[in-house]
Amino acid sequence: MKSRIALALLLLASQSPVFAQEKVLNLYSARHYQTDERLYDNFTKQTGIKINRIDGKEDELMERIRNEGANSPADVFITVDATRLAVADSLGLFAPVKSKILESRIPAHLHTDTWFAFSTRARVIIYNRSAVRAEDVSTYEALADPKLKGKVCSRSGGHPYNLSLVASLIAHDGEAKTEEWARGVVANFARPPRGGDTDQIKAVAAGECGVAISNTYYLARLIRSEKMEERRMMERVGIVWPNQSGRGSHINISGAGMVRTAKNPEAAVKFLEYLSSDEAQRYFADGNNEWPVVSGVTANNPALEAMGKFKADNLPLGSIAKNVAVAQKVLDRAGYR
Ligand code: FE
C-alpha cells in the first residue's frame, strides 16, 4: 500500500512542472567577481539553464574534478592563465569542443581544441618614475641588463603568471638565451622574490624597487581605487608596454573549457558560446579590468583606457603553455625561485 502511494506520488511528481527536470549547468569557477553574477543571470534568462556555481581555488577545483572522476558533476571549468588551463588539459580534464560560433568569435591564438579565452590581460613592466627611465626598461629582455642591478623586484618565478611569460621568452629567444636572461634578472634583484603583483607595484611606488612586472588588471584596480592614497601612489609608477618595436607585449587570459565527463555537454557548449557574445564579453572582461577577446567589442573602462593602446604578442597561447615545464627548469637552474 505504502509503496503504491509512493509510486502514485512519484508519477504525479514527474508530471508536475515543479518537478520537471530543471536544466542546470554545474560551473566550477576559480574566478569570482561581483559582475559575474549578472553575467550568469543573463545566461539563465536567455536559455532557461540555471547555473550552479562551485567556487574554489584553481588547484583545488582541478583536484576535485580528478577525484570525482566519471561521477564529477562539473560541466565547465573556468580559471585564469593559459598555464593553468594547459595543466587542466594535460590532466585530461577537458573534452574537445566543436563550435562554429566559438571558432569564428575567438581568435585562433586565444584558444585550443579544448579551452577558450574570454578575456585578456597583459603582463607589463612598471617602474619608479624617479629611479628608472622608461627607455631603459622597454623590453622584458632589458630586465637582465646589469644597468638595473639592485633594482628589480619579482613575485616567485614558479607562479603561473611568470611561468607563462618565461615560456613565451623561450618561444621567442630560445632556452639557452632565456636561461642567461633569468640569471641576469636574478643578479639584478633588489630583494628575494616575494608577494603578489600588487606587492611589487607598492614596492615600486615606495622606491624599494626600481622596476617590476605586473598584470594590467592589478594596475587598473589601483588606478580606479576608491582610496585616494592608492590613486596617488600610482602617480609614482610608470607603465611600459614591453617589446612594442618587436613582437609585442606578453598577454594572458581568463578562459574555460568543457569538462570531459560533463553531464550536460549541450548546456556547457551553450554557456561557452554565450561567454563569447558581445554583451557577455563586456561583463566578463570588465569584471576584472580585462579586455574582451572578440574583435569589435570594446571595453568601456576608464582605467584600461588610461593605460592606452598597445601591440600584443600574437604567439598562440596553447603553444606557449607547452613550454611551461621547460620554463620551470630554466628558472630553477637560474635560481629564480
Ligand atoms: Fe591575478
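Residues numbered from 1 in each chain as written. Predicted model: local features only at pLDDT ≥ 70, side-chain atom pairs only at ≥ 80, totals over all residues. Heavy atoms only, no water.

Draft legend 1. Local environment of the coordination of the iron ion. The iron ion binds to the protein through Tyr 161 (OH), Tyr 217 (OH) and Tyr 218 (OH), with metal-donor distances spanning 1.9 to 2.1 Å. The sequence pattern describing where the donors of the iron ion fall on their chain is Y-x55-Y-Y. Taken as a pair, Tyr 161 in helix 6 (residues 160–173) and Tyr 217 in helix 9 (residues 216–223) lie far apart in primary sequence, 56 residues in all. Neither residue differs from the other here; Tyr 161 and Tyr 217 are each classed as buried. (Donors = N, O, S within 2.8 Å, 3.2 Å for Na, K, Ca; no water. Helix = DSSP H or I, 4+ residues; strand = E, 2+ residues; numbered from the N terminus. Buried < 20%, exposed > 50% of the residue type's maximum accessible area, 1.4 Å probe, protein only.)

Draft legend 2. Up close: unusual backbone geometry. Residues other than glycine seldom take positive phi values, yet Asp 81 does so here, at roughly 80 degrees. The class for Asp 81 is buried, based on a relative accessible area of 1%. With phi around 50 degrees, Asn 289 is a residue other than glycine that occupies positive phi space. Look at Asn 289 and you get buried, because its relative accessible area is 7%.

Draft legend 3. Inspection of the environment of Val 80 at higher detail. With respect to the secondary-structure elements, Val 80 resides in strand 3 (residues 76–80). Residue Val 80 is classed as buried on the basis of its relative accessible area of 6%. The spacing of Val 80 and Tyr 161 is 81 residues in sequence and 9.5 Å in space, taken between C-alpha atoms. When near neighbours in sequence (up to four residues on either side) are disregarded, Val 80 contacts Arg 31, Glu 58, Arg 121, Tyr 161, Ile 253 and Ser 254. (Contact = heavy atoms within 4.5 Å.)

Draft legend 4. Structural detail: the state of the cysteines. All chains considered together, the criterion is met by one disulfide. Here Cys 153 is linked by a disulfide to Cys 209, with a sulfur-sulfur distance of 1.9 Å. For the disulfide bridge between Cys 153 and Cys 209, the dihedral angle about the S-S bond is near -80 degrees, and by the sign convention the bridge is left-handed. Placement of the pair is Cys 153 in the loop between strand 4 (115–128) and helix 6 and Cys 209 in the loop between helix 8 (197–206) and strand 5 (211–215), with a sequence separation of 56 residues. Taken as a pair, Cys 153 and Cys 209 share a single burial class, namely buried. (Disulfide = S-S within 2.5 Å.)

Draft legend 5. Looking closely at the pattern of salt bridges. Per the stated rule, a full pass over the model turns up 22 salt bridges. Among the salt bridges present, the one from Glu 135 reaches Arg 133, with a minimum N-O distance of 3.9 Å. Take Glu 135: its relative accessible area is 55%, and that puts it in the exposed class. The partner of Arg 333 in a salt bridge is Glu 179, with the nearest N and O atoms 2.8 Å apart. With Arg 333 in helix 15 (residues 324–334) and Glu 179 in helix 7 (residues 175–188), this residue pair connects regions lying 154 residues apart in the sequence. When its relative accessible area of 41% is taken as the criterion, Arg 333 is described as partly exposed. Under the relative-accessibility criterion, Glu 179 is labelled buried at 14%. Overlapping salt bridges, with partners in common, bring together Arg 31, Asp 36, Arg 121 and Glu 290 in one network. (Salt bridge = Lys/Arg side-chain N within 4 Å of Asp/Glu carboxyl O.)

Draft legend 6. Representation of the confidence of the model for the chain. Residues of the chain with pLDDT of at least 70 account for 94%, and the chain-wide mean is 93. With pLDDT under 50 throughout, residues 11–20 is counted as low confidence; its partners more than four residues away or in other chains account for one contact. (pLDDT = per-residue confidence, 0-100.)

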